[in-house]
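# Secondary and tertiary structure notes
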Amino acid sequence: MRRLLAAIAAFALGAGLAVVGAAAPASAHTGDLLAKAVCNTATGQYDVTYTLKLTNVGSTLTGTTKWRVGTPSFQGTPKNANGMDRGPITSQGNTTLTLGTESLPGTTKGGGPWVYAYTSWTDGYGQGSDGRIEGLKGDCTAPEPKQIPVPVQPSIVDACGTSGDYVVEPRATEGVTWSISPVVAGKAKATATAKPGYVFSDGKVVKSWDFEFTNVPCIVEIPVPPKPAATEACGVDGDAVLLPEDSDTVSWKLEGDPKTGTATAVATAAKGYAFPGGATEHRYDYTFTNEPCPVIVPEPVKPEIVDLCDVDRDEVLLPEETEQLVWHVEGEPSSGSVTAVAVTKGTHVFEDGTTERRFPLTFTNDPCPIELPVPVKPAAVDLCGVDDDRIVVPADTDTVSWAIEGDAATGSAVAVATAAEGHVFESGEATERFVFEFDQTECVPPTLAGSTAAALCVANVPWIDFDVVLTDPDQQSTGHTAYLVLSDGTNTEKVELGPLGEDGSVDGRVLWPGAAIDEAGNPTAWPGWKQLPNGRWVVTEENFGWTHSLTSAYIEVNPELSIDLEYPPAVVGCGPASKPAGTPGTPVAAGDGQGLASTGFAGGPAIAIAGGLVLAGALALAVQLMLRRKRA
């Protein structure tokens, strides 16, 4: 069937008419998509018009058609409107719809692209259609363009200013379209374009011209300016014509010289302006006399005065008499005020033409101040660093007050002594200044380096030997008493070792916290032990038992020094002569066992051990005494 349709289309194209139809099914509504090609001799292309003939449609039914242009390959009759990108087109009953027109190159042979349409009616029925143009011979060409003369450059109107500038469009010419831009920023462009089917004789189809316009301002009429004022004084030096300042519309100049007796002021209109009648210049003539002037003398300077304490020494220092001026004084300084008068001599006058200048002068008449001795320079504290540096000024008195300028912390300060009102120092000044420079060397921090503290057991008594040395070259320490601070992390005890001596040191021996002795030096208590009523000693948490397990120890004055310190080891005793097994600080229940009874002492071996401990303690004490003498 399609081959038969293609043959019919080829036959129609040969006669100048090409028709192709795609028949829809015979049942119900039908739609035949037809194509007609016409050679456009102006463009040399085929203009193909696509139509859709709808039949078997009730007159009351409304249809909606959408369509699209596909490719030369057939994609199947559409079953719905999906992908249809053109339309919709509405129809009523049986009708033929013009879908649109597409152009194909004039060299196209055979068939064009397939075109698809789909129509939906209000009765719910839909119909797809397809078709294309076939039998094209590729012989559609445009005729040779007609040659026309190259257009002549248009003329322009370049008036004053810019508002009247434009390019004059030439008269209509066969085959030419003109495009002329407005004048912007003094420029415009004209373009002649050959219409389709035409070409300029030089083979081109476009000819352009660029134009530039001047911006000569239009002449604006301005009024004639008034005649300038003039000054005429005696002689010629004061003669002058007072020309106005130049403006945007008028400039001024002076011809001649008033000193010669004549001058002319000339007003000239600026470019683009003119006076009434078109004149661009207006002239004003002046005549000056030449009468001689009196001699001008300079303004005299106000005389100085001597205004001292007491009025007897006050006076006016008048300038010397000259050929131009003479001076005199009206009044007496003792009255508190006088007037110095300058009078010109002969033909001399001041600049304003007068001959006299008067200068009122006033004297204070204050009593003479009382002289004070120059203060002694204050003391200063200049220590290391800057925090404590200062000037120690004396207390203020009725006649002298003190102030400090600057800050000693910056390295420099000034002590200022100010005499009270009515007083001066012997130097004649009301203030005396004393400059101080301060050393800003940083302070050396204090240290306890070399200090020691050691535990030892002497005669079964726990002691702490200590030797504290504070090195403080810049006196920075604020403490003067040495302490030993013990801690197990929970408990803390601060033991006073004693005040530092003048050399910054203290040494000696103190009982271990919790230890006690009687007047004979015999031990009566040990840290971590307590005696039961039956006389037996037992281990306890009380009485500084925690000091057997120290976690830290340090000597404190300000600064501090950490040390290694622990309770004397069990091998040297320092506990009750007879005690239960255990560790001090861990309570042990009282019971039968070897210990110190309330009625006496049991155990010969303990005597031997105690004797050995006494001997060891004596040796340790001797060593400490020797070391102390060596340091001394």
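The present account deals with the structure reproduced in this document. (Residues numbered from 1 in each chain as written. Predicted model: local features only at pLDDT ≥ 70, side-chain atom pairs only at ≥ 80, totals over all residues. Heavy atoms only, no water.)

Right, let's talk about the environment of aspartate 507 for a bit. Following the sequence through the fold, aspartate 507 ends up in strand β43 (residues 505-511). What makes aspartate 507 partly exposed here is its relative accessible area of 33%. Spatially, the C-alpha atoms of aspartate 507 and threonine 452 are 9.2 Å apart, while their sequence positions differ by 55 residues. (Helix = DSSP H or I, 4+ residues; strand = E, 2+ residues; numbered from the N terminus. Buried < 20%, exposed > 50% of the residue type's maximum accessible area, 1.4 Å probe, protein only.)

Moving on, we come to the nonpolar core. Membership of the largest hydrophobic core comes to 28 residues, with the highest contact counts inside it found for Val468, Leu484, Leu497 and Leu565. If you list the elements that add at least two residues to this core, you get β39 (452-458), β40 (461-469), β41 (481-487), β42 (492-499), β43, β47 (537-539) and β48 (552-556). Discounting residues that sit within four places of it in the chain, leucine 497 has contacts with Phe466, Val468, Ala482, Tyr483, Leu484, Val506 and Val510. Of all hydrophobic cores here, the second largest spans 20 residues; its members include Ala35, Tyr46, Val48 and Tyr50. (Core = buried A, V, L, I, M, F, W, Y, C linked by side-chain atoms within 4.5 Å. Contact = heavy atoms within 4.5 Å.)

Another aspect to go through is the pattern of salt bridges. Summed over all chains, the structure comprises 15 salt bridges. The partner of glutamate 321 in a salt bridge is lysine 345, with the nearest N and O atoms 3.2 Å apart. In this pair, glutamate 321 is assigned in the loop between β27 (315-317) and β28 (325-330) and lysine 345 in the loop between β29 (337-344) and β30 (348-349), connecting sequence segments 24 residues apart. Given the relative accessible area of 53%, glutamate 321 is considered exposed. Judged by its relative accessible area of 28%, lysine 345 is partly exposed. When salt bridges with common partners are traced through the structure, they connect Lys253, Glu255, Glu281 and Arg283 into a single cluster. (Salt bridge = Lys/Arg side-chain N within 4 Å of Asp/Glu carboxyl O.)

With that settled, consider unusual backbone geometry. Cis geometry marks the peptide bond from glycine 87 to proline 88, where omega comes out at 0°. Position of proline 88 among the secondary structure elements: in strand β5 (residues 86-92). In this model, asparagine 558 is joined to proline 559 through a cis peptide bond whose omega is 25°. Structurally, proline 559 can be placed in the loop between β48 and β49 (560-562). Of note in this structure, phenylalanine 544 is not a glycine but carries a positive phi near 60°. Counting through the fold element by element, phenylalanine 544 comes out in the loop between β47 and β48. Phenylalanine 544 sits in the partly exposed class, given a relative accessible area of 27%.

Note that every value here comes from positions in space, so none of it alone points to a role or purpose.
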